[in-house]
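# An overview of the molecular structure
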Amino acid sequence: MATSPQPQLTPEPPTPPEQGSRGLIWLFVGHHGLRAGWSVLLAYCIFYFFRLVAGTVFYAFGLVGDHVDYSPTAMFVLEAIPFLAMLIAGIIMAAIEHRRILDYNLTGPRPVLHAVSGFCAGLIALSALIAILYSGGWLSFGSPALSGAEILRYATLWACAYLLVAGTEEGLFRCYLQYTLTRGISFWWALLAEAGLCLYAFLNARGDGAIGVYAAAAVGLLPCFILDQRGTPHSGFWQAAWVSSTFFGMVHTFNGGENWRGIFAASCIGFVFCVSIRVTGSVWWAIGCHAAWDWAETYIYGTANSGLPAQGHLFSSTPAGNPLLSGGADGPEGSLFAFAAILLLLALVLIVHRRRNIAAQG
């Protein structure tokens, strides 16, 4: 598969410890600077600290309250807290690691084109899923819920809100985390991380959400082991994708109304987003796709998004029949048919951008 040029990162080779203070430094610093595990731990500590600070400031000024309605303005303000915290953490880590913040999977050719392509792909895949549910009688629509100027107003507000959501989540999982794990992970470290995520889900996940985390961990186990045993080039990237995608799904267990299928689907979509980084050279396709999927799900079709019903949507819809097929309270991504839409996303990014890369090289 032809890919766009990317930084050639290889896992840090072991370096024999030296005596005294240099032996202690070896525990923290490798050939690529601060070791990947410590970098990730430090970055997320900084992120959670500044998220707490920003949340406190927003609360003190009355921008957020104890109860938040699921409206586009409330979503935008609420999502601004982790976005600002992520941005500050990224700037600090870039300074510590002597990198540019754009190095974290934000460089690459044609970022605007890739973002637009991702947006179109997300819209197509989600619409195909909705069409399957509607044609099978697992989703029904009422009359339009908006009219006149409200249609454009809510379309714009929800687009802004979900661009911020996509930027935050892709920044946390496919930018810094994916980039940093790629430069310093091995199969056994990845396996240890997966075990930790499964344990955390077992102890904290609501409902049956932990099963989705277990499924994501299980699906990636054998392929990553085979890649490691064969010494396949760029195997570190795929091991990092395994961990970051499972982590992405695990975080969704904190949403109300999520079922195990929705959690597993989130992990699978996270993996498709990692594939898009390998194919396009950056995270911009994933940001566009992520925003479009959520925007169409919430605004256009009026379905629940990760179990959260929204205010201000174009159409009103109601799931019907078996929740395994309709998605139930989780929304379309909780349906088994969601995996067909995810395969469509994977096909779109591989076919469109692989052909473009081949044409550019030829």
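Source: prediction; values computed, not measured.

What counts and what doesn't
- Residues numbered from 1 in each chain as written.
- Predicted model: local features only at pLDDT ≥ 70, side-chain atom pairs only at ≥ 80, totals over all residues.
- Heavy atoms only, no water.
- Helix = DSSP H or I, 4+ residues; strand = E, 2+ residues; numbered from the N terminus.
- Buried < 20%, exposed > 50% of the residue type's maximum accessible area, 1.4 Å probe, protein only.
- Areas by Shrake-Rupley, 256 points an atom, 1.4 Å probe, with all protein chains shown as cover.
- Phe/Tyr/Trp six-rings, centres within 6.5 Å; stacked < 30°, edge-to-face > 60°.
- Polar contact = N/O pair within 3.5 Å; in protein donor to acceptor, adjacent residues only side chain to side chain.
- Contact = heavy atoms within 4.5 Å.
- Expected span 1.5 Å × (residues − 1).
- Core = buried A, V, L, I, M, F, W, Y, C linked by side-chain atoms within 4.5 Å.

### Quick notes on the overall build of the chain
Along the chain, the regular secondary structure elements total 12 helices and four strands. Taking all 362 residues of the chain together, 49% fall into the buried category. Only carbon and sulfur atoms are counted for the fraction: they give 71% of the accessible area of the chain, which is about 16700 Å².

### A few points about the packing of aromatic side chains
A full pass over the atoms with the stated rule returns 24 aromatic pairs. Here Phe-141 and Tyr-301 contribute two aromatic rings whose centre-to-centre distance is 6.4 Å and whose plane-to-plane angle is 55 degrees, an arrangement assigned as tilted. Note that Phe-141 is positioned in strand E3 (residues 139-141) and Tyr-301 in the loop between helix H10 (284-300) and strand E4 (317-319), a separation of 160 residues in sequence. What makes Phe-141 partly exposed here is its relative accessible area of 30%. Among the residues examined, Tyr-301 registers a relative accessible area of 15% and is labelled buried. Here the aromatic rings of Trp-238 and Phe-271 are separated by 5.9 Å at their centres, their planes lie at 45 degrees, and the arrangement is tilted. With Trp-238 in helix H8 (residues 235-251) and Phe-271 in helix H9 (residues 260-280), the pair connects residues that are 33 residues apart, well separated along the chain. Members of the aromatic cluster, each reached through a chain of ring pairs, are Tyr-44, Phe-47, Tyr-48, Phe-173, Phe-247 and Phe-248.

### Overview of the side chain of Thr-303
Tracing the backbone through its elements, the reader meets Thr-303 in the loop between H10 and E4. Relative accessible area serves as the criterion here: at 5%, Thr-303 is assigned to the buried category. At 2.9 Å, the side chain of Thr-303 and the backbone oxygen of Glu-297 are in polar contact. Once residues within four sequence positions are removed from consideration, Thr-303 is found in contact with Ile-130, Leu-139, Glu-297, Thr-298, Ser-317 and Pro-332.

### Section: helix H4 (residues 111-135)
Between its first and last C-alpha atoms H4 spans 36 Å; for 25 residues at 1.5 Å apiece the expected length is 36 Å, and the two agree. One or two positions beyond H4, positive phi appears at Gly-137, with a value near 80 degrees.

### Observations regarding H9
For H9, which comprises 21 residues, the first-to-last C-alpha distance of 30 Å matches the rise-based estimate of 30 Å (1.5 Å per residue) to within 8%. For H9, the tally of buried residues reaches 18 of 21 residues, placing the bulk of the element in the interior. With a side-chain oxygen positioned 3.0 Å from the backbone nitrogen of Arg-261, the residue opening H9 is Asn-259.

### Notes on the nonpolar core
With 88 residues, the main nonpolar core has Trp-158, Trp-285, Trp-293, Tyr-299 and Leu-345 as its most contacted residues. Residue contributions to this core peak at 14 residues, all from helix H5 (residues 149-182). Not counting chain neighbours up to four residues away, the residues in contact with Leu-345 comprise Ala-121, Gly-122, Ala-125, Val-272, Trp-285, Cys-289 and Trp-293. Of all hydrophobic cores here, the second largest spans six residues; its members include Ala-54, Val-64, Ala-80 and Leu-164.

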